[in-house]
Amino acid sequence: MKKKLIILFCILGIMAILTACENKGEEKITVVLDWTPNTNHTGLYVAEEKGYFKELGLNVEIVQPPEGGAESLVASGKAQFGIAFQDMIAPAFASNNPLPVTAVAALIQHNTSGIISLKGNGIETPKGMANKIYATWDMPIEKAIIKSVVEADGGDYGSIRMVPSTVTDVVTALNTDMDAIWVYYAWDGIATKVKGLETDFFAFKDINPVLDYYSPILVGNNEYIEKNKEKTEAFLKAIAKGYEYAIDNPEEAANILINANPELDKELVQESQKWLADQYKAEVSQWGYIDQDRWDNFYSWLWEEGLIEKEILSGFGFTNYYLPD
């Protein structure tokens, strides 16, 4: 009996050593979200739940961002990938020492952001923001976009009452003293509908096509993606498969996101997922594709408006190279 136990312990010990070696050799890929989990991220959670990452030999961890944002963590090499926005990352690209990250995919094809307000408040179009209270993040690019759309519509930008505020609950904010709030319609816009709040909304891209920039984007650490081409391609292949599943099966994909993040509002997730199903790829055939003209046009606009310190060269900061065919 004693001999059998010794043999058993030896076998278990060998198995433990082999497992440890296997795990040690399997490098973890960390992807940092831009905010709390939401339907922008569904493809990632589907890829995780459905085993798409594991099928391609990848060990992926999805984490929420630190205070400094996802791109800073990716740039430092502490995470391999993260979610960012073309507008917010622009100043970091317009530098003598650009942030060492590259956009490797567009999570959604078009910019779904714009201004939401209570129906009947007179803000059906940008000029209606005149003399109204706007919840601002107090960021130069943000304010320039507001100025651009309001003046293009014949409105008085200078009369807008800018109140610095980080709105976490749009429904509550609209029912207080905030007249106009910048939202991403797929989440906060849908939230107002779910709560039965009647609103008006206009999208920036519908006012000026140059504002149809990519938001959000998946960025990768430059050194990592250059040295790990096959892993990067596999990572994007799994994610693309996750988003394709979400496009074809929005209800099931919503449930996967909810199961992974039970604190989320179930009805909001389900309705948002249905709305985004047609937005992830929109008119393009390849999920994640970034059009160079649109990418460049937005950065050219920022330079012409004096919003960045240095001109961003054409084609800089993104690549479609790692996307699956």
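Residues numbered from 1 in each chain as written. Predicted model: local features only at pLDDT ≥ 70, side-chain atom pairs only at ≥ 80, totals over all residues. Heavy atoms only, no water.

K.L.:
Would you mind showing me how to read unusual backbone geometry here?
P.N.:
Note on backbone geometry: most residues besides glycine have negative phi, and most peptide bonds are trans. Between Ser-215 and the following residue, Pro-216, the backbone shows a cis peptide bond with an omega angle of 5°. With a phi close to 65°, Asn-131 is a non-glycine residue in the positive phi region. Note on placement: Asn-131 falls in the loop between β5 (113-118) and β6 (133-136). Owing to a relative accessible area of 51%, Asn-131 belongs among the exposed residues under this scheme. Within the chain, Asp-138 stands out as a residue other than glycine whose phi angle is a positive 65°. You can see Asp-138 is positioned in the loop between β6 and α6 (140-152). The exposure class assigned to Asp-138 is partly exposed, which follows from its relative accessible area of 44%. (Helix = DSSP H or I, 4+ residues; strand = E, 2+ residues; numbered from the N terminus. Buried < 20%, exposed > 50% of the residue type's maximum accessible area, 1.4 Å probe, protein only.)

K.L.:
Hey, could you run me through the packing of aromatic side chains in this one?
P.N.:
What characterises a pair of aromatic rings is the spacing of the ring centres plus the angle enclosed by the ring planes. Applying the stated rule across the entire model yields 20 aromatic pairs. Ring geometry for Tyr-214 versus Trp-295: centroids 6.5 Å apart, planes at 35°, classification tilted. Separated by 81 residues along the polypeptide, Tyr-214 in the loop between α9 (204-207) and β10 (217-221) and Trp-295 in helix α14 (residues 292-304) bring together distant segments of the chain. We classify Tyr-214 as buried; its relative accessible area is 0%. Among the aromatic residues, ring-to-ring pairing joins Phe-93, Tyr-213, Tyr-214, Trp-295, Phe-298, Tyr-299, Trp-301, Phe-316 and Phe-318 into one connected group. (Phe/Tyr/Trp six-rings, centres within 6.5 Å; stacked < 30°, edge-to-face > 60°.)

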